[in-house]
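Residues per chain, in single letters:
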Amino acid sequence: MAGSTPVTGVADRGRGRGRLYDNITETVGNTPCVKISDAMCPPGRTIYAKCEYFNPMSSVKDRLACAIIEDGEKSGKLKPGDTVVEATSGNTGIAVAMLCAQRGYKCVICMAEPFSIERRKLMRFLGAKVIITPKSGKGTGMVAKAKELAEKHGWFLCRQFENEANAEFHYKTTGQEILADFEGKRLDYFVLGYGTGGTFSGAGKAIKEKRPDVKIALGEPEAAPLVASGTKSERNADGSASSSHPAFKAHPIQGWTPDFIPKIMEDGISSTSYDEYIPIPGPAAIEMSQMLAKTQGIFTGISGGASMYAAIEMAKKAEEGSVLVAMLADTGERYLSTPLFESIQADMNDEELEISKSTPSFQLS
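Quick notes on the rules
- Residues numbered from 1 in each chain as written.
- Predicted model: local features only at pLDDT ≥ 70, side-chain atom pairs only at ≥ 80, totals over all residues.
- Heavy atoms only, no water.
- Helix = DSSP H or I, 4+ residues; strand = E, 2+ residues; numbered from the N terminus.
- Buried < 20%, exposed > 50% of the residue type's maximum accessible area, 1.4 Å probe, protein only.
- Contact = heavy atoms within 4.5 Å.
- Salt bridge = Lys/Arg side-chain N within 4 Å of Asp/Glu carboxyl O.
- Pairing = 2+ DSSP bridges.
- Axes fitted to C-alpha atoms, helices over the stretch in contact; angles between N-to-C directions.
- Parallel < 35°, antiparallel > 145°, perpendicular 65-115°, else oblique.
- Nonpolar A, V, L, I, M, F, W, Y, C, P; charged D, E, K, R; others polar.
- Lys, Arg positive; Asp, Glu negative; His and termini not counted.
- Polar contact = N/O pair within 3.5 Å; in protein donor to acceptor, adjacent residues only side chain to side chain.
- Right-handed = clockwise from strand over helix to strand, strands pointing away.

Chemist: Talk me through the overall build of the chain; I want residue IDs and the actual numbers.
Modeler: Helix and strand counts for the chain stand at 12 helices and 10 strands. Considering only C-alpha atoms, the chain reaches an extent of 65 × 60 × 50 Å along its principal axes. When the 365 residues of the chain are sorted by exposure, 51% land in the buried category. Of all intrachain contacts in the chain linking residues separated by at least 6 positions in sequence, the fraction that spans at least 24 positions is 74%.

See the structure below:
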């Protein structure tokens, strides 16, 4: 709390949280900012990772799901017994499935074919029905399918890419958490990419309001420079994208940069903008995620690797003493069937076999 003696190291181990929770959704948020060691951080700079995998469903999208479901309930658009439908690359669907399970709603998720198998299984494990849309339809295809199903059956459509409750929740939580954690401390850069643009628009606005000196560094896949192109997405009357963006090409950073610029992101650029731009090669994002695991013990997905790549590149250009915080959106466990784990084998390699044979007992034949 403000004015209290700051806790450092492991001094707060064993304290507990000082409260009990009525349900799992109350645990969303208040994720930690963790310092990156010199094994990765450029000399003379300091990088922190805001680890969103501390949320109950292990991703930043738990915030989005709370925002949209709670707002739907307050407005009366979402009623007991309703079915909730949404299009997602996976993390939003998992988070929405959690909310629906806890609240007692039925849940239907539309997801494009290329996204990881484990995401489908997690949503189904939480009780959701998962509708797979063709790869050729890209993100716009899965969004169109969700909208079609909602109109046909009278279901509640989350509209994560246009729903203002998304950015507002990040304004009230993510942004305020960062401000609180860095109160009285130096902070020069807020580094992130975008999926819906909720974190960028909401947290970015909150940080800029209180600390206008903090620069926003935006990362985008090198293969899909939608924002950098300067071309806006074409839209339907409800704000949803009507077609695939001409600058989009397939990239491995799942959850980032769909084949359109979300309305929330576009609005955030207009109102808050960004100060720095970092294009991120897909292989570099994968490599950075692997480095975070092997040198920091931080287990995040490809988008987390992309954010850290952007932070490190930004740190290299920043003045000495600069402090950066980067968003790590989710856990690496969402990527077991993706290129992130392509080099990781289940069987023992030669070095492991040699270790096994160094003592005589319990060796595989």
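So much for the structure itself; the text now carries on.
Chemist: Give me the lowdown on the pattern of salt bridges, citing residues and values where you can.
Modeler: Throughout the structure, instances matching the rule amount to 16 salt bridges. Here Lys172 and Glu168 are joined by a salt bridge, their closest N and O atoms 3.8 Å apart. Remark: Glu168 and Lys172 occur in helix α5 (residues 164-172); sequence separation between them is four residues, near one turn of the helix. A residue is classified by how much of its surface remains accessible, and Lys172, at 56% relative accessible area, is exposed.

Chemist: Outline the environment of Gln102, supporting the account with residue identities and numerical values.
Modeler: Here Gln102 shows up in helix α2 (residues 91-103). Exposure remark for Gln102: the relative accessible area of 30% places this residue in the partly exposed category. For Gln102 and Thr25, which are 77 residues apart along the polypeptide, the C-alpha to C-alpha distance reads 7.9 Å. When residues no more than four places from it in sequence are discounted, the contact partners of Gln102 are Asn23, Ile24 and Thr25.

Chemist: Go over the sheet that holds strand β2 (residues 46-51), please, and point to the residues and values.
Modeler: Spatial ordering of the open sheet is given by β1-β2-β10-β7-β8-β9, a layout of six strands whose pairing is mixed. Two strands close off the open sheet at either side, each with one partner strand: β1 (33-35) and β9 (276-280). Mean inter-strand twist for the sheet, computed between neighbouring axes without regard to direction, equals 25°.

Chemist: Can you explain the packing of α2 against helix α3 (residues 117-125)? Please cite residues and give values.
Modeler: With their axes 9 Å apart at the nearest point, α2 and α3 run at an angle of 10° to one another. Relative to α3, the element α2 lies roughly parallel. Residues Asn91, Gly93, Ile94 and Ala97 of α2 form the contact with α3, whose own contacting residues are Arg119, Leu122 and Met123. In terms of residue class, the contact of α2 with α3 is built from four nonpolar, two polar and one charged.

Chemist: How would you sum up α3? Please name residues and give values.
Modeler: Turning to α3, its buried residues are Glu118, Arg119, Arg120 and Met123. Turning to α3, the residues buried within the fold contact α2, β4 (106-112) and β5 (129-133). A positive phi of about 100° marks Gly127, the residue just after α3.

Chemist: Which residues make up the side chain of Glu220, and what are the values?
Modeler: Relative to the elements of secondary structure, Glu220 occurs in strand β8 (residues 215-221). Buried charge Glu220 goes without a salt bridge, the closest partner of opposite sign being Arg235 at 11 Å. Looking at Glu220, its side chain comes within polar contact range of the main-chain nitrogen of Leu226, at 3.0 Å. When sequence neighbours within four positions are dropped, the list of residues in contact with Glu220 reads Tyr194, Pro225, Leu226, Val227, Ala228, Trp256, Thr257, Tyr277, Ile278, Pro279 and Ile280.

Chemist: Break down the pairing of β8 for me, citing the residues and quoting the values.
Modeler: Most of β8 sits out of view: six of its seven residues are buried. Running through helix α7 (residues 198-210), the crossover from strand β7 (residues 189-192) to the neighbouring parallel element β8 is right-handed. Bridge count for β8 against β9 is five bridges, and the pairing is parallel. The residue of β9 that forms the bridge with Glu220 is Pro279.

Chemist: Please set out unusual backbone geometry residue by residue, giving values where relevant.
Modeler: Residue Asn30 is not a glycine yet carries a positive backbone phi of 55°. Note that Asn30 resides in the segment before β1. Here the phi dihedral of Lys138 falls at roughly 55°; this positive angle occurs in a residue that is not glycine. Among the secondary structure elements, Lys138 is positioned in helix α4 (residues 138-153).

All we've got here are geometric facts, nothing functional implied.
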